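# Examining the three-dimensional arrangement
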Amino acid sequence: MSFSALLGELTRIHGVRGALVVSREDGIVVAEALMEGIDGRAVAALAASLSGRVAGLTRTLGQPEPVFWQLQASDGMLLGASGEEGLLLVLVAAAEVNAGELRLQLLRAAERAA
């Protein structure tokens, strides 16, 4: 499945404001489908940084690297999942969405992208 088709599916979920495929190593946007006003480069940089820090923390604790993470804020949330080698699948969503549903959809999409 192409990245554009995958991102198109994810952005059709109620409350999703955008979806990106991001290079985990350097935070470069590989593909994006974002609502107007969302800075994809800033989201990608934040997602790559968060992913790297979480991975470093889990290594320090002697735990396996997480395949999913979520950052919740008052105005919305950022969710990330490991995709194929070196890529992250990232969602920008409204605060009122069902985070459990988004998690499931994002993990399924990450499996299809691998």
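Note: the structure precedes this text.
Only a predicted model underlies this, so the values are computations on that prediction, with no experimental measurement involved. (Residues numbered from 1 in each chain as written. Predicted model: local features only at pLDDT ≥ 70, side-chain atom pairs only at ≥ 80, totals over all residues. Heavy atoms only, no water.)

### Things to note about the pairing of strand 2 (residues 29-34)
Sheet topology places strand 1 (residues 16-23) next to strand 2; five bridges connect them, and they run antiparallel. Bridging from a neighbouring strand, V21 pairs with A31 of strand 2. The loop that links strand 1 with its antiparallel partner strand 2 comprises five residues; one of these, G27, has a positive phi angle of about 70°. (Pairing = 2+ DSSP bridges. Helix = DSSP H or I, 4+ residues; strand = E, 2+ residues; numbered from the N terminus.)

### Describing the nonpolar core
If you look at the biggest cluster of nonpolar residues, it comprises 24 residues, and the most contacted ones within it are L10, L79, L89, L91, L102 and L106. Every element with two or more residues in this core is listed here: helix 1 (3-11), strand 1, strand 4 (76-82), strand 5 (87-94) and helix 3 (99-113). Ranked by residues supplied to this core, first place goes to helix 3 with six residues. Counting residues in each nonpolar core, the second largest holds eleven residues, with L20, V22, A47 and L78 among its members. (Core = buried A, V, L, I, M, F, W, Y, C linked by side-chain atoms within 4.5 Å. Buried < 20%, exposed > 50% of the residue type's maximum accessible area, 1.4 Å probe, protein only.)

### Considering the side chain of T58
By secondary structure assignment, the location of T58 is in helix 2 (residues 40-60). The class for T58 is buried, based on a relative accessible area of 14%. Excluding residues that lie within four positions of it along the chain, T58 makes contacts with Q63, P64, E65 and P66. (Contact = heavy atoms within 4.5 Å.)

### Thoughts on the sheet that holds strand 3 (residues 68-72)
An order of 2-1-5-4-3 is seen for the five strands of this open sheet, with the pairing classed as antiparallel. At either margin of the open sheet sits one strand with a lone partner, and together these are strand 2 and strand 3. Averaged over neighbouring strand pairs, the angle between their axes works out to 15° when direction is ignored. Alignment of strand 3 against strand 4, held across five bridges, turns out to be antiparallel. Considered in strand 4, the bridge of L71 is made with L78. Taken strand by strand, helix 1 contacts strand 1, strand 2 and strand 5, and its axis lies near 150° from that of strand 1. (Axes fitted to C-alpha atoms, helices over the stretch in contact; angles between N-to-C directions.)

### A few points about helix 1
Along an α-helix, residues three or four positions apart point the same way, because every turn accommodates 3.6 residues. Buried residues of helix 1: L6, L7, G8 and L10, and no others. In this structure, the buried residues of helix 1 make contact with strand 1, strand 2, strand 5 and helix 3.

### Side note on the pattern of salt bridges
Counted according to the given criterion, the structure contains three salt bridges. One salt bridge connects R112 with E9, and the closest N-O pair in it is separated by 2.6 Å. In this pair, R112 is assigned in helix 3 and E9 in helix 1, connecting sequence segments 103 residues apart. Accessibility expressed as a relative area gives 40% for R112, which makes it partly exposed. For E9, a relative accessible area of 32% gives the class partly exposed. (Salt bridge = Lys/Arg side-chain N within 4 Å of Asp/Glu carboxyl O.)

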